[in-house]
Amino acid sequence: MIKHVSVFTLKDKNEIKHFVEMLEEVGKKCPLIIKSEVGVNMSEQQSVGPHFGDVIQIVEFSNRIDLQNILNQRNIKSC
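Conventions and cut-offs
- Residues numbered from 1 in each chain as written.
- Predicted model: local features only at pLDDT ≥ 70, side-chain atom pairs only at ≥ 80, totals over all residues.
- Heavy atoms only, no water.
- Salt bridge = Lys/Arg side-chain N within 4 Å of Asp/Glu carboxyl O.
- Helix = DSSP H or I, 4+ residues; strand = E, 2+ residues; numbered from the N terminus.
- Buried < 20%, exposed > 50% of the residue type's maximum accessible area, 1.4 Å probe, protein only.
- Arc of directions from axis to C-beta.
- Contact = heavy atoms within 4.5 Å.

Peer 1: If you had to explain the pattern of salt bridges to someone new, which residues and values would you point to?
Peer 2: Tallied over the full model, the rule gives four salt bridges. For Glu 60, the salt bridge is made with Lys 3, and the minimal N-O distance between the two is 3.6 Å. Taken as a pair, Glu 60 in strand 3 (residues 55-61) and Lys 3 in strand 1 (residues 2-8) lie far apart in primary sequence, 57 residues in all. A relative accessible area of 55% places Lys 3 in the exposed class.

This is the structure we're talking about:
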């Protein structure tokens, strides 16, 4: 099993909900994805150090080939 972790920082924080919905949809519709988890940074504090992103996605694949097939897709919705 292969896990792929992505962290996203959005310029427009008002788009977070919509972005999360898109990631969740891809996780459900793509047959190459075994499991997809999406999380949102809930901290309301100002960052003192580095900013760790607004949204995280952890995706599980059966093997490295499936992961590469996703990464090589030009349009992820076609998955």
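Anyway, onward from the coordinates.
Peer 1: Which residues make up helix 2 (residues 64-71), and what values go with them?
Peer 2: Those residues of helix 2 that sit buried are Asp 66, Leu 67 and Ile 70. Mapping the buried residues of helix 2 onto a view down its axis gives an arc of 100°, with all of them on the same face. Away from the buried face of helix 2 by more than 90 degrees, exposed residues Arg 64 and Ile 65 are located. If you follow the buried residues of helix 2, they end up packed against strand 1 and strand 3.

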